[in-house]
Amino acid sequence: AEDGIITGIYKDARFGFTVEITHDNEHKTVYSNLKNDNPVSLEVGDEVAKGDRIGTVGDSAVSEIAEEPHLHFEIFVDGVARDPKEFIEGLE
């Protein structure tokens, strides 16, 4: 969504393979339900730019397994989850 630093790469028990990016001291984005065999080589501490590929949509989220493959996307501001529609134009 924006430039930042990879601050987490892990398998979440509910949301599957997850990548976290911290954008500044207040904002963090979380990308979950990615493919377990992520073809992108990332490490915690890597810098990424807006638009960089950080993974591939998959079906690794146990809590969403009945749904079609999709990206589970979250935005946190000061540790509080916020509606992505507040920050990204064109989301419905």
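Residues numbered from 1 in each chain as written. Predicted model: local features only at pLDDT ≥ 70, side-chain atom pairs only at ≥ 80, totals over all residues. Heavy atoms only, no water.

## Thoughts on the side chain of Thr 29
Working step 1: On the secondary structure map, Thr 29 appears in strand S3 (residues 27-34).
Working step 2: A residue is classified by how much of its surface remains accessible, and Thr 29, at 4% relative accessible area, is buried.
Working step 3: In this structure the side chain of Thr 29 is engaged in a polar contact, spanning 2.7 Å, whose partner is the side chain of His 23.
Working step 4: The contact partners of Thr 29, leaving out residues within four places of it in the chain, are Ala 1, Val 19, Glu 20, Ile 21, His 23, Phe 73, Glu 74 and Ile 75. (Helix = DSSP H or I, 4+ residues; strand = E, 2+ residues; numbered from the N terminus. Buried < 20%, exposed > 50% of the residue type's maximum accessible area, 1.4 Å probe, protein only. Polar contact = N/O pair within 3.5 Å; in protein donor to acceptor, adjacent residues only side chain to side chain. Contact = heavy atoms within 4.5 Å.)

## Observations concerning the packing of aromatic side chains
Working step 1: The full count for this structure, using the stated rule, is one aromatic pair.
Working step 2: Summarising the aromatic geometry, the rings of Tyr 31 and Phe 73 are spaced 5.2 Å apart at their centres and angled 55 degrees between planes, so their arrangement reads as tilted. In this pair, Tyr 31 sits in strand S3 while Phe 73 sits in strand S5 (residues 72-77), placing the two residues 42 residues apart along the sequence.
Working step 3: Accessibility expressed as a relative area gives 8% for Tyr 31, which makes it buried.
Working step 4: Here the guanidinium or amino end of Lys 28 rests over the ring plane of Phe 76, the centre of that ring lying 5.2 Å away. (Phe/Tyr/Trp six-rings, centres within 6.5 Å; stacked < 30°, edge-to-face > 60°. Lys NZ or Arg CZ within 6 Å of the ring centre and 35° of its normal.)

## Remarks on the pattern of salt bridges
Charged atoms that come close allow side chains of opposite charge to pair.
Working step 1: Enumeration according to the criterion identifies three salt bridges in this entry.
Working step 2: Lys 50 serves as the salt-bridge partner of Glu 2, at 3.7 Å between the closest nitrogen and oxygen. Residue Glu 2 is found in the segment before strand S1 (4-12), and its partner Lys 50 is found in the loop between strand S4 (47-48) and S5; the two are separated by 48 residues along the sequence.
Working step 3: Judged by its relative accessible area of 45%, Glu 2 falls in the partly exposed class.
Working step 4: Judged by relative accessible area, Lys 50 falls into the exposed class, the value being 55%.
Working step 5: Measuring nitrogen to oxygen at the nearest pair gives 2.6 Å for the salt bridge that ties Glu 86 to Arg 82. (Salt bridge = Lys/Arg side-chain N within 4 Å of Asp/Glu carboxyl O.)

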